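# Architecture and fold: a report
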Amino acid sequence: MLTIALFEPEIPPNTGNIIRLAANTGACLALIEPLGFELTDVRLRRAGLDYRALATTTVYPDFPSFQAAVGQRRLLAFSTRGTRRYDTVSYRADDVLLFGPETRGLPDAILHALPVDRRLRIPMHRHPDARAPSLNLGNAVSIALYEAWRQLDFS
């Protein structure tokens with residue numbers, strides 16, 4: 001089963017939307033602390049529409065605990081600094097799709113600890129204004145998860 005992993009998510013509505021996405025796709029969700037909110041946050045519940053009970057969600061106190069739990073499963077990191085396009089990967093049912101916090105993305109230490117072919121990016125049009133934002137976290141997770149699930153024939 002595919003797993004979505006959010007490293008130190010900061011914005012409750014984004015995580016709430018991703019909980020809803022996990023509930024509707026059957027993906028598991030891993031949240032790696034510290035979180036930028038309480039899981040009981042009203043904004044989280046509103047965005048997740050109380051789908052938390054329908055999604056398999058596990059909270060890890062830190063990245064090493066998460067890594068230990070993941071074991072030998074393939075970890076695919078999504079970043080604007082990724083070197084491989086997300087749609088060129090042959091996804092496996094037990095893959096873990098890792099995303100960083102909304103305001104800063106995955107730390108270099110995590111990103112560079114992975115093989116270069118596991119550092120993925122979603123193409124975006126770059127505006128002349130270098131301050132143009134990246135995709136919303138929920139949108140990025142949706143794009144990646146649905147591509148992986150499509151390749152697995154939506155099983």
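Calculation notes
- Residues numbered from 1 in each chain as written.
- Predicted model: local features only at pLDDT ≥ 70, side-chain atom pairs only at ≥ 80, totals over all residues.
- Heavy atoms only, no water.
- Phe/Tyr/Trp six-rings, centres within 6.5 Å; stacked < 30°, edge-to-face > 60°.
- Helix = DSSP H or I, 4+ residues; strand = E, 2+ residues; numbered from the N terminus.
- Expected span 1.5 Å × (residues − 1).
- Buried < 20%, exposed > 50% of the residue type's maximum accessible area, 1.4 Å probe, protein only.
- Core = buried A, V, L, I, M, F, W, Y, C linked by side-chain atoms within 4.5 Å.
- Contact = heavy atoms within 4.5 Å.
- Pairing = 2+ DSSP bridges.

## A word on the packing of aromatic side chains
Two numbers describe a pair of aromatic rings. These are the distance of the centres and the angle of the planes. The final tally for this structure, using the stated rule, is six aromatic pairs. Following the ring pairs from residue to residue traces out a cluster consisting of Phe7, Tyr60, Phe63 and Phe66.

## Section: helix H1 (residues 12-25)
Taking 1.5 Å of rise per residue, 14 residues should cover 20 Å, and H1 covers 20 Å from first to last C-alpha, within 8% of that figure. Those residues of H1 not exposed but buried are Pro12, Asn14, Thr15, Gly16, Ile18, Ile19, Leu21, Ala22 and Thr25. Just downstream of H1, Gly26 is the residue with a positive phi angle, here 85°.

## Quick look at the nonpolar core
In a soluble, globular protein the nonpolar side chains are often hidden away together inside. Counting 31 residues, the largest nonpolar core has Ile4, Leu6, Leu29, Phe78, Tyr91, Phe99 and Val141 as its most contacted members. Among the secondary structure elements, those contributing two or more residues to this core are strand S1 (3-7), H1, strand S2 (28-32), strand S4 (75-78), strand S6 (96-99) and helix H5 (137-151). Counting residues per element, this core draws most heavily on H5, at seven residues. Those residues in contact with Leu29 that sit more than four places away from it in its chain are Ile4, Leu6, Ile18, Ile19, Ala22, Thr56, Thr57 and Thr58. Counting residues in hydrophobic clusters, the runner-up holds 16 residues, among them Ala30, Ala77, Leu111 and Leu114.

## Some details on the pairing of S2
In terms of burial, S2 is largely enclosed, as five of its five residues are buried. Pairing of S1 with S2 involves five bridges; the strand directions are parallel. Residue Leu6 lies in a different strand from S2, and its bridge partner there is Leu31. Judged from the four bridges that link them, S2 and strand S3 (residues 57-60) form a sheet pairing that is parallel. Following the sheet pairing, Leu31 is matched in S3 by Val59.

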